[in-house]
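Structure at a glance
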Amino acid sequence: MLNTYFRVIVGTMVLLSVVLTVYVNPNWMWFTVFIGVNLIQSAFTKWCLLETILVKLGVKKEGAGCSVK
């Protein structure tokens, strides 16, 4: 369940940042860069803020969100 929530939230954030970049201001691309850097960082550190937030909100940890533990 955690994996599903994670993918939906991250996918939505990426699409939103692209739409904001195209229609509002090109500086919104930095939001997309932040998301990508966070995903790369979580691959090496095995820690993801979004995963921590979702677990605290009560999402069951059946699978891993950012990393396999």
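Owing to the predicted nature of the structure, the values given are computational and were not obtained by experimental measurement. (Residues numbered from 1 in each chain as written. Predicted model: local features only at pLDDT ≥ 70, side-chain atom pairs only at ≥ 80, totals over all residues. Heavy atoms only, no water.)

A closer look at the side chain of Ser42
Topologically, Ser42 is positioned in helix 2 (residues 29–45). Only 2.8 Å separates the side chain of Ser42 from the backbone oxygen of Leu39, close enough to count as a polar contact. (Helix = DSSP H or I, 4+ residues; strand = E, 2+ residues; numbered from the N terminus. Polar contact = N/O pair within 3.5 Å; in protein donor to acceptor, adjacent residues only side chain to side chain.)

Focus on helix 1 (residues 2–23)
Taking 1.5 Å per residue as the helical rise, helix 1 with its 22 residues ought to reach 32 Å, and the 31 Å between its terminal C-alpha atoms agrees with that figure. The set of residues buried in helix 1 consists of Leu2, Phe6, Val10, Ser17, Leu20 and Thr21. For helix 1, the buried positions fall inside an angular range of 100 degrees around the axis, keeping them on one side. Summarising the geometry of helix 1, the exposed residues directed more than 90 degrees from the buried face are Arg7, Val8, Leu15, Val22 and Tyr23. Elements in contact with the buried residues of helix 1: helix 2 and helix 3 (49–56). (Expected span 1.5 Å × (residues − 1). Buried < 20%, exposed > 50% of the residue type's maximum accessible area, 1.4 Å probe, protein only. Arc of directions from axis to C-beta. Contact = heavy atoms within 4.5 Å.)

A short note on the nonpolar core
Ranked by size, the top nonpolar core spans eight residues in total: Leu2, Phe6, Val10, Ile35, Cys48, Leu50, Leu54 and Val59. The residues contacting Val59, other than those within four sequence positions of it, are Met1, Leu2, Tyr5 and Leu54. (Core = buried A, V, L, I, M, F, W, Y, C linked by side-chain atoms within 4.5 Å.)

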